[in-house]
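Fold and geometry: a report
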Amino acid sequence: MPQVRARRRHQAAVTALVVSAGLLLTACTQAAGQSEKTSASSAAPVSPASSQEAASSAQALASSASAAALAAGVSGVTGASPGASSAPVLSGIDPLTGLPPTSPTAEKRPALGVKIDNVQGAWPQAGLNQADIVFDLPVEGGLTRLLAIFHSQDVPVFGPIRSARPVDADILHLLGHAYFAFSGGTKTDLGPINDHSNATPMWWDVTPSLFVIRHDHAVPHQVFGTTAMLYAGGEARAPSTTPPPPMFSYQVGVPTAAVPASTVTAQYSAATAAWTWNGTQYLRSQSGHADILIDGSQVTATDVVVMSVGVQNTSAHDSHGTVVPLPVVIGSGQVWVFRNGVVVDGTWSRPTENSPMRLLSSTGQVIALMPGRTWVEVLPNSSLPRIG
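Attention here is on the structure that accompanies the text.

Reading the values: the criteria
Each chain has its residues counted from 1, running along the sequence as written. Local features in a predicted model are, by the rule used here, given only for residues with pLDDT of at least 70; side-chain atom pairs are given and counted only at 80 or more, and totals for whole chains, interfaces and linings are based on all residues. The basis for every side-chain value is the complete set of non-hydrogen atoms in the structure, without hydrogens or water. With a 1.4 Å probe rolled over the protein chains alone, any residue whose accessible area is under 20% of its type maximum counts as buried; one over 50% counts as exposed, and the rest are partly exposed. Here a strand is any run of E in DSSP of at least two residues, a helix any run of H or I of at least four, and the numbering for each starts at the N terminus. Looking down the strands as they point away from you, a crossover is right-handed if its path from the first strand over the helix to the second goes clockwise. By definition, the arc is the one covered by directions from the helix axis to the C-beta atoms. Residue contacts follow a heavy-atom distance rule, with two residues in contact if any of their heavy atoms lie within 4.5 Å. We define a salt bridge as a side-chain nitrogen of Lys or Arg found within 4 Å of a carboxyl oxygen belonging to Asp or Glu. Aromatic rings from Phe, Tyr and Trp, taking only the six-membered ring of Trp, are treated as a pair when their centres fall within 6.5 Å; an angle between ring planes under 30 degrees marks them as stacked, one over 60 as edge-to-face, and anything in between as tilted. In this analysis the charged atom, NZ for Lys or CZ for Arg, is taken to sit over a ring once it is within 6 Å of the ring centre and within 35 degrees of the ring normal.

Side-chain alternation along strand β5 (residues 200–203) places Thr200 and Met202 on a buried face and Pro201 and Trp203 on a face that remains uncovered. Considered for its hand, the β-α-β crossover made up of strand β4 (residues 179–182), helix α4 (residues 187–196) and β5 is right-handed.

Written out as structure tokens, the structure reads:
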């Protein structure tokens, strides 16, 4: 009988320990869920970095509870024992979207910037609806060219890829160490990239094996790329497991200073970009026509930011001898942030090259974007956006 009572006491102790471990794991899970709800409903903008830290803390607490149960010799509790395999865990928030990444490798890789053409002959383009952030930048002739930034998703094809411009260095610098893919460029174009972009360059003129050719686009619009090939090329040149810092702040709640606005048009000298809110997202039109990609979908965005900038001439010239302009994205200027069918106006501010980009309301508060994909229309300050 004493042995039976001893076994029963041992079983009761084991049961109590299992229950305690389960309660601790449940509490950690509930705390993490409550933290997410609190962050989503908070009126203050939430930095992706702080959201990631909170999620990581909750996961660490749950792991500690599981490890404690294992250390106590309780069976039936899963832990990270040697030889155990598990699927990749996407615990964080992507710094460039404010959403969990869909690529299992996103948390341990830098951003990938890609220079994409945006003129007749380049259309239809590919992959723009999988880019986290796209900058629409004025170039020579009053046209625009895109700098698409990929990080959170793996993308099977994007392009057409064209030559770099000096302004790319100033934007890439915001991403810490990034990879940058383009087709080529003059020495004057590439000088700033090598000087202060902090990016690892990969250009088709030098390493065509990193790119793919599409025969449905005529020269010079035939060069395309994939995240798989270009990340492999970047890692071979400059291995990195550091994701980019956040470029913007994100918040689900609509800013209190917002006013309704369903359309915005950015008029460049020889190009027009128009965005229309459809109740869910913004749809893009280009020079009077729906902006349709290779897969038949229209270009969309969760957020549209219009930055008013000065433009300077550079010493660079394109193949036709036209002066290459430099949109000035260091300093400050007017900004309009479109999200959820409303607009908030204010100021963009970046005092120095090493400063982050800040979007501020008229009262000095950070203007938070809706978590998702963002397009930035970098509009010369000789023109104001038309808002409807």
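To continue, consider helix α5 (residues 227–237). All buried positions along α5 are accounted for by Thr227, Leu230, Tyr231, Gly233 and Gly234. The arc that holds the buried residues of α5, viewed along the axis, is 160 degrees, so those residues lie on one side. Turned more than 90 degrees away from the buried face of α5 sit Ala228 and Ala236, all of them exposed. Next to the buried residues of α5 lie β1 (112–116), β3 (144–150), β4 and β5.

Turning next to unusual backbone geometry. Most of the time, phi is negative for any residue but glycine, and the peptide bond is trans. Backbone torsion omega between tryptophan 123 and proline 124 reads -5 degrees, so that peptide bond is classified as cis. Within the secondary structure layout, proline 124 lies in the loop between β1 and β2 (133–138). Of note, the amide linkage connecting glycine 159 to proline 160 takes the cis form, showing an omega dihedral of 0 degrees. Position of proline 160 relative to the elements: it lies in the loop between β3 and α3 (167–172). Of note in this structure, asparagine 198 is not a glycine but carries a positive phi near 65 degrees. Within the secondary structure, asparagine 198 sits in the loop between α4 and β5. Within the chain, serine 287 stands out as a residue other than glycine whose phi angle is a positive 50 degrees.

Turning next to the pattern of salt bridges. Counted according to the given criterion, the structure contains 10 salt bridges. Between aspartate 168 and lysine 115 there is a salt bridge, and its shortest N-O distance comes to 2.7 Å. Linking aspartate 168 in helix α3 with lysine 115 in strand β1, this pair joins segments that are 53 residues apart in sequence. Accessibility classification places aspartate 168 together with lysine 115 in one group, the buried group. A salt bridge links arginine 214 to aspartate 216, with the nearest nitrogen and oxygen atoms 2.7 Å apart. Take arginine 214: its relative accessible area is 24%, and that puts it in the partly exposed class. A single salt-bridge network, built from bridges that share partners, covers Asp136, Arg284, Asp291 and Glu377.

With the rule as written, the count across this model stands at six aromatic pairs. Aromatic side chains tyrosine 179 and tyrosine 231 sit 6.0 Å apart centroid to centroid with 70 degrees between the ring planes, which places their arrangement in the edge-to-face category. Taken as a pair, tyrosine 179 in strand β4 and tyrosine 231 in helix α5 lie far apart in primary sequence, 52 residues in all. Overall, the relative accessible area of 4% leaves tyrosine 231 in the buried class. An aromatic cluster of three or more residues is present, and its members are Phe180, Phe182 and Trp203. Lying over the aromatic face of phenylalanine 224, arginine 214 brings its terminal NZ or CZ to 5.5 Å of the ring centre.

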